[in-house]
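Each chain, letter by letter, is given below.
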Amino acid sequence: MAKSLCLVVFSLLGLVAIAAADSGDATYYTAPYTPSSCYGYTDEGTMIAAASDAIWDNRAACGRMYSITCTGANNGAPYPCTGATVTVKIVDYCPNCNGTFDLSQEVFQTLSTNLAVGNILIDYNQV
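In this text the structure is predicted, and so the values were computed from the model without any measurement.

**What about the overall build of the chain?**
A tally of regular secondary structure across the chain gives 3 helices and 6 strands. Secondary structure elements of the chain occur, N-terminal to C-terminal, as α-β-β-α-β-β-β-α-β. Taking all 127 residues of the chain together, the buried fraction comes to 35%. Taking contacts inside the chain between residues at least 6 apart in sequence as the whole, the part at least 24 apart equals 76%. For the chain, the exposed area adds up to about 7000 Å²; of that, 57% sits on carbon and sulfur atoms.

Structure, rendered in structure tokens:
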């Protein structure tokens, strides 16, 4: 009985987490990833993203971590998503982005089956 109750509770918590996700879209940019608005010439790796005005929050977004999952393509491309979920760190600002996030190419390739898609629909949560 206790195992069943735990399973039900964890399942419900998972549904709440899914329901709480924000929706947006993402593009990508290519290396070099420095300098960045948040960290200058410090290399923060490749699991990174630039924030659009939607989440920039006057530099408060620097260092925030987001869990991102591809949900589709903005251009109607079939099967653009790999099914992966990735956690990224905000390291830069993208004031003229065409998406909520401008992902490193490595992150975009983890989420999307094809770079040519260029712009994907996403669900994201701050973690």
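On we go.
**Observations concerning the state of the cysteines**
By definition, a disulfide links the sulfur atoms of two cysteines through a covalent bond. For the coordinates displayed, the defined rule picks out 3 disulfides. The disulfide bridge from Cys38 ends at Cys62, spanning 2.0 Å between sulfur atoms. The sign of the S-S torsion, about -75 degrees, decides the handedness of the disulfide formed by Cys38 and Cys62: left-handed. Of this pair, Cys38 sits in the loop between strand S1 (22-29) and strand S2 (48-51) while Cys62 sits in the loop between helix H2 (53-56) and strand S3 (65-73), placing them 24 residues apart in sequence. Here Cys62 falls in the partly exposed class, since its relative accessible area comes to 24%. Here Cys94 engages in a disulfide with Cys97; their sulfurs sit 1.8 Å apart.

**Digging into the environment of Ile122**
Mapped onto the elements of the fold, Ile122 is located in strand S6 (residues 120-126). For the pair Ile122 and Cys81, spaced 41 residues apart in sequence, the C-alpha separation works out to 9.6 Å.

**Considering the sheet that holds S6**
Spatially, 6 strands are ordered S1-S5-S2-S4-S3-S6 in a closed barrel, and the strand pairing comes out mixed. Sheet twist, expressed as the mean angle between neighbouring strand axes with direction ignored, is 45 degrees. Two elements, S2 and strand S4 (residues 85-93), share 4 bridges in a ladder whose sense is parallel. Paired with Ala51 across the bridge in S4 is Tyr93.

**Structural notes on the packing of aromatic side chains**
What the rule picks out here adds up to 6 aromatic pairs. Note on Tyr66 and Tyr124: the rings are 6.0 Å apart at their centroids and 65 degrees apart in plane angle, and the pair reads as edge-to-face. Taken together, the residues Tyr66 in strand S3 and Tyr124 in strand S6 connect sequence positions 58 residues apart. The two residues Tyr66 and Tyr124 agree in class, both being buried.

**So, the confidence of the model for the chain**
Confidence in the prediction of the chain, expressed as mean pLDDT, is 88, and 85% of residues score 70 or more. In this model, residues 4-17 is a region of pLDDT below 50 whose contacts with residues beyond four sequence positions or in other chains number 1 contact.

**Some details on the nonpolar core**
Counting residues in each nonpolar core, the largest one holds 23 residues, and the members touching the most others are Tyr66, Ile68, Ile90, Phe101, Leu103, Leu111 and Ile120. Elements supplying a minimum of two residues to this core: S2, H2, S3, S4, strand S5 (101-104), helix H3 (105-111) and S6. The leading source of residues in this core is S3, at 4 residues. Within the second largest apolar cluster, 7 residues are counted, among which are Tyr29, Ala50, Cys94 and Cys97.

Reading the values: rules and limits
Residues numbered from 1 in each chain as written. Predicted model: local features only at pLDDT ≥ 70, side-chain atom pairs only at ≥ 80, totals over all residues. Heavy atoms only, no water. Helix = DSSP H or I, 4+ residues; strand = E, 2+ residues; numbered from the N terminus. Buried < 20%, exposed > 50% of the residue type's maximum accessible area, 1.4 Å probe, protein only. Contact = heavy atoms within 4.5 Å. Areas by Shrake-Rupley, 256 points an atom, 1.4 Å probe, with all protein chains shown as cover. Disulfide = S-S within 2.5 Å. Pairing = 2+ DSSP bridges. Axes fitted to C-alpha atoms, helices over the stretch in contact; angles between N-to-C directions. Phe/Tyr/Trp six-rings, centres within 6.5 Å; stacked < 30°, edge-to-face > 60°. pLDDT = per-residue confidence, 0-100. Core = buried A, V, L, I, M, F, W, Y, C linked by side-chain atoms within 4.5 Å.

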